[in-house]
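Take a look at the letters that make up each chain.
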Amino acid sequence: MIQTEHLVEDEWVEWYRLTPVQRWLESEKLWQTYLALGGSLDPEPDTQSPFFDARAPRARPAHGRTGLRVLRRRGV
Amino acid sequence: MGGQACVFYGAAEFSRDTDFAILADAANLVRLRSALADLQADVVAVPPFELKYLRRGHAIHFRCQHPEVPGMRVDVMSVMRGVDPFSKLWRRRTTIELPHGTTCDLLALPDLVQAKKTQSDKDWPMIRRLVEAHYFQHRGKPTTAQITFWLRELRTPALLVEIAGRRTGLCRRLIPKRPLLAAAAARQVDELERALREEETAERERDKRHWLPLRKELEKLRHATARRAQGV
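Residues numbered from 1 in each chain as written. Chains lettered and ligands numbered in written order. Predicted model: local features only at pLDDT ≥ 70, side-chain atom pairs only at ≥ 80, totals over all residues.

**Quick look at the overall build of chain A**
Per the secondary structure count, chain A includes 3 helices and 0 strands. What you see in chain A, going N to C, is helices and strands ordered as α-α-α. The burial tally for chain A puts 7% of its 76 residues in the buried class. (Helix = DSSP H or I, 4+ residues; strand = E, 2+ residues; numbered from the N terminus. Buried ≥ 20, exposed ≤ 12 C-beta atoms within 10 Å, placed from the backbone.)

As structure tokens, this is what we get:
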């Protein structure tokens, strides 16, 4: 019988071993962190979606800046 | 039915919108309008929030302005390609109760898998994770229905080969419905991988074809909206 760890990476093994409700709660924690860091609730545009409209207006964060900015970049 | 359901079932999607599958009838729309009003949600772009668009398979997109969820997107659909009508989805739904007492109704896993068979790259690894997670969770003492589901939906070659080797009779009976099971039964992993890629490509093409007339309709609605905005 194939073991989970032979098929997927460690983080997936842990994720699969959680119960559905535990996964839900972990996801809630991630949400809280994301929002605390100023993450936007507006979804990333998905150009492959049949609903994608390049001209559609997008919401901006209340403070007028993106929630994330590059402080340093190296390489390409 | 979207990211949150995927998380529950074992995939991991950080989806920032909330997708709802709803019953498209007049009474339900009244209830939905009331809930959306509580969220201070406005329709984003096209189509407008009307029954006829939901019944034709369009999604209606909303953006909430309530102070607790500023900018949150809500997408509502009623008809999805390859997915059973809402009445069946509702009968098969999974209801969960969260620790603070809120209950959520989610698409049953097989219905969620069907709904994810779209033209988008991101949905296919999701399907693989969803079915894998279900397999690892239930393989100790599976029912015939579960094994059938895995044989019909797994996208992981090694697991397909494993099940095909253990359930040869069931696998053989399902080959007419999923021809790539012949490669799984013969332990031809390269062939199986190729067939899985072909299966995905074909399904994505079907989804594109399904959306062609709907996309045209959306484009017309966008032009009409733009003309109205310009006072033409």
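Past the structure itself, the notes keep going.
**Some details on the domain arrangement of chain B**
All names here are of chain B. In terms of domain boundaries, chain B breaks down into domain 1 (3–115) and domain 2 (123–208). Mapped onto the side of domain 1 that touches domain 2, the elements with two or more residues apiece are α1 (3–9) and α5 (109–115). Ranked by the residues each element gives to the side of domain 1 that touches domain 2, the list is headed by α5, at 4 residues. Counted by class, the side of domain 1 that touches domain 2 contains 7 nonpolar, 1 polar and 2 charged residues. (Domains from an automatic or database assignment. Nonpolar A, V, L, I, M, F, W, Y, C, P; charged D, E, K, R; others polar.)

**With respect to unusual backbone geometry**
Residue and element names in this part refer to chain B. For the peptide bond that leads from Val-46 to Pro-47, omega is 0°, which places it in the cis range. Topologically, Pro-47 is positioned in the loop between β2 (41–43) and α3 (51–55). In this structure, Gln-40 takes a positive phi of about 55° despite not being glycine. On the secondary structure map, Gln-40 appears in the loop between α2 (26–38) and β2. The residue Ala-45 is not glycine, and still its phi comes out positive at about 55°. Here Ala-45 is to be found in the loop between β2 and α3. Here Ala-45 falls in the partly exposed class, since 17 other C-beta atoms lie within 10 Å of it.

**Overview of the nonpolar core**
All names here are of chain B. Counting residues in each nonpolar core, the largest one holds 54 residues, and the members touching the most others are Tyr-9, Leu-112, Leu-130 and Ala-184. With 7 residues, the top contributor of residues to this core is helix α6 (residues 123–138). In this view, Ala-184 contacts Leu-160, Val-161, Ala-164, Cys-171 and Leu-192; residues no more than four positions away in its chain are not counted. (Core = buried A, V, L, I, M, F, W, Y, C linked by C-beta atoms within 7 Å. Contact = placed C-beta atoms within 7 Å.)

**Some remarks on α6 of chain B**
Here α6 of chain B contains 16 residues, and its C-alpha end-to-end distance of 23 Å stays within 8% of the 22 Å for a straight helix at 1.5 Å per residue. Within α6 of chain B, burial applies to Asp-123, Met-126, Ile-127, Arg-129, Leu-130, Val-131, Glu-132, Ala-133, His-134, Tyr-135 and Phe-136 of chain B. (Expected span 1.5 Å × (residues − 1).)

**With respect to the interface of chain B and chain A**
The interface of chain B with chain A comprises 33 residues on the first partner and 24 residues on the second. The set of elements that each furnish at least two residues to the side of chain B that touches chain A consists of α1, β3 (60–64), α6, α8 (157–166) and α11 (189–229) of chain B. It is α11 of chain B that provides the largest number of residues to the side of chain B that touches chain A, a total of 4 residues. Residues belonging to the side of chain B that touches chain A are distributed by class as follows: 19 nonpolar, 6 polar and 8 charged.

**Here we look at helix α3 (residues 20–36) of chain A**
Taking 1.5 Å per residue as the helical rise, α3 of chain A with its 17 residues ought to reach 24 Å, and the 25 Å between its terminal C-alpha atoms agrees with that figure. Gly-38 of chain A, located one to two residues past α3 of chain A, shows a positive phi value of around 90°.

**With respect to the environment of Glu-162 of chain B**
Looking at the element boundaries, Glu-162 of chain B is found in helix α8. Taking the C-alpha atoms as reference, Glu-162 of chain B lies 48 Å from Ala-26 of chain B; in sequence the two are 136 residues apart.

**Overview of the pairing of β3 of chain B**
Residues and elements named next belong to chain B. With 5 of its 5 residues buried, β3 lies for the most part within the structure. Here β3 shows a buried face lined by Ile-60, Phe-62 and Cys-64 and a second buried face lined by His-61 and Arg-63. Across 3 bridges, β2 lies against β3 in antiparallel orientation. Within the sheet, the bridge partner assigned to Asp-42 lies in β3 and is Arg-63. (Pairing = 2+ DSSP bridges.)

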